[in-house]
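A structural walkthrough
Listed below are the residues making up each chain.
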Amino acid sequence: MNTLVKNALVIPMTQESYTVRGDVGISETKIAFVGSAPSSFHPDRIIDAAGSIVMPALVNAHTHLAMELMRNFKDTEPNLMAWLSNIWPIEAKLTDEDILWASRLGVCELLQSGCTLFNDMYFSEHKTAQAANEGGIRASIGLTLFGDIDDTKRRLAEKPAACRKEVERSGGRVKLAVAPHAIYTCSEATYRYAHDWAKEHDALLHTHLSETKGEVDDCIKAHGVPPLEYLDSIGYFAKTKHLLAHCVHLTEEEISRLSQLDAAVATNPTSNCKLASGIAPLGKMSAAGVKLCIGTDGSSSNNNQNLFEEMHVASLVSTVSTMDITSLPPYRVLEMATKNGAEALGFPQIGTIEPGKEADIIIVDIHSPHMTPLNDPFSALVYAAQASDVDTVFCQGKLVMEHRRILGIDMEETMRKTNEIWENIKTR
């Protein structure tokens, strides 16, 4: 199948300020050309993208997708730990079926905000992987770990086998990662075992780190050093690839060390503000060469999966925390949400629009009052664009959302079922 997307303003994300007025060709799973169609290209389908931006699909580098169920619930708790004390009892009641429907809802929301790759940390991982496959999108599925070494060994003996079918049928769109939850929920032995498993299986390691000041203070009290230094001291970062969520409270020394590691930070500014966790030093990390990407966190602490909103907030909090408007300019924010996220999660075949890359692209409608006049398209996408502007989404060359209609999942049925499940959960 050859698809021609014509008459677009193309933002390839290959270099700053670079745009192309023209066409994008998709041949099977890959981008065939950008610019003018060669005479040898014969499209089976033509999409007129006049009045639209064509850009790489977005990447949600840290979320808990099935927490859609707890959206708008207990939103006035004073801090992260108080909030978690309400969330954990509910999570203990969840079934595989609950998580499947909530994950389907999350996939719909991701698609409608232009996202084709997410990095997840939650339970019943095979069900979240199933929802990703149904929606036709990509996922890094974290095999989530809590507790001591015995529980960790059991989980890593069971979880990969449960996910294998979904990984195999994804055509490379779904990968497994290892996700020890946090230093306050996992033992040192769990972190060491997770590291060894990831090294053996060439898997990404995904954990929360330095999300709150309380977490940092408790770590210093227990180990004499802050969280990143603690994990470094036990060999957690040795010869492995990492995604660190939050990183709100880092010392100058930790930022310097982080820039030397094979690690990326997934900032979650809306969640961090909402839960009063603080503001991550994005400007300092960027200046130090730390790899930055962006995530939403779960919809229970955000309260959505809207990457456009997250880009906007990330830029604003970086500016206000540094008092420097140039600390995180729009192009860098877009990199965080596209190319950087794809590379951090081990999907370098996407994240830019250039020949040979797999075709994960979105068409953003700019024919609206809030996008008029366009002036600088990079600024417009970060400061003005809305998730509802995303009209059409391709993943791996396949059309997965057309004119806001999700093609692989029945969204109306999914919303109805999610409401039904939540009412049932409250009675358990």
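1. Observations concerning the overall build of the protein
Summing up its helical and strand segments, the protein has 15 helices and 17 strands in all. Computed over C-alpha atoms, the radius of gyration of the protein comes to 21 Å, within 12% of the 22 Å expected from 2.2 N^0.38 for 428 residues, which places it in the range of a compact globule. If one aligns the C-alpha atoms of the protein with their principal axes, the spans along those axes are about 65 × 45 × 45 Å. Restricting the contact set of the protein to residue pairs at least 6 apart, pairs at least 24 apart contribute 74%. Summed over all atoms, the accessible surface of the protein reaches about 16,300 Å², with 50% contributed by carbon and sulfur. Charged side chains in the protein number 39 positive and 55 negative. The centres of these two groups are separated by 3 Å.

2. Here's the deal with the packing of helix α4 (residues 149-169) against helix α5 (residues 188-201)
Running from N to C, α4 and α5 point in directions that differ by 30°, and their axes come no closer than 8 Å. In terms of orientation, α4 lies roughly parallel with respect to α5. The two elements α4 and α5 meet at a crossing, and its hand is right-handed. From α4, I149, T152, K153, L156 and P160 reach across to α5, where they touch A189, T190, Y193 and W197. A class-by-class count of the residues in the contact of α4 with α5 yields 6 nonpolar, 2 polar and 1 charged.

3. What about the nonpolar core?
Judged by nonpolar contacts, the single largest core of 85 residues is most densely connected at M55, V178, L231, L258, M285, F308 and L381. The contact partners of M55, leaving out residues within four places of it in the chain, are I11, L334, T338, I353, D360, I361, I362, V364 and L381. Core analysis: the second largest hydrophobic core is formed by 18 residues, A66, M70, L94 and W101 among them.

Conventions and cut-offs
Residues numbered from 1 in each chain as written. Predicted model: local features only at pLDDT ≥ 70, side-chain atom pairs only at ≥ 80, totals over all residues. Heavy atoms only, no water. Helix = DSSP H or I, 4+ residues; strand = E, 2+ residues; numbered from the N terminus. Rg over C-alpha atoms; globule rule 2.2 N^0.38 Å. Contact = heavy atoms within 4.5 Å. Areas by Shrake-Rupley, 256 points an atom, 1.4 Å probe, with all protein chains shown as cover. Lys, Arg positive; Asp, Glu negative; His and termini not counted. Charge placed at Lys NZ, Arg CZ, Asp CG, Glu CD. Axes fitted to C-alpha atoms, helices over the stretch in contact; angles between N-to-C directions. Parallel < 35°, antiparallel > 145°, perpendicular 65-115°, else oblique. Left-handed = near helix turned anticlockwise from the far one by under 90°. Nonpolar A, V, L, I, M, F, W, Y, C, P; charged D, E, K, R; others polar. Core = buried A, V, L, I, M, F, W, Y, C linked by side-chain atoms within 4.5 Å. Buried < 20%, exposed > 50% of the residue type's maximum accessible area, 1.4 Å probe, protein only.

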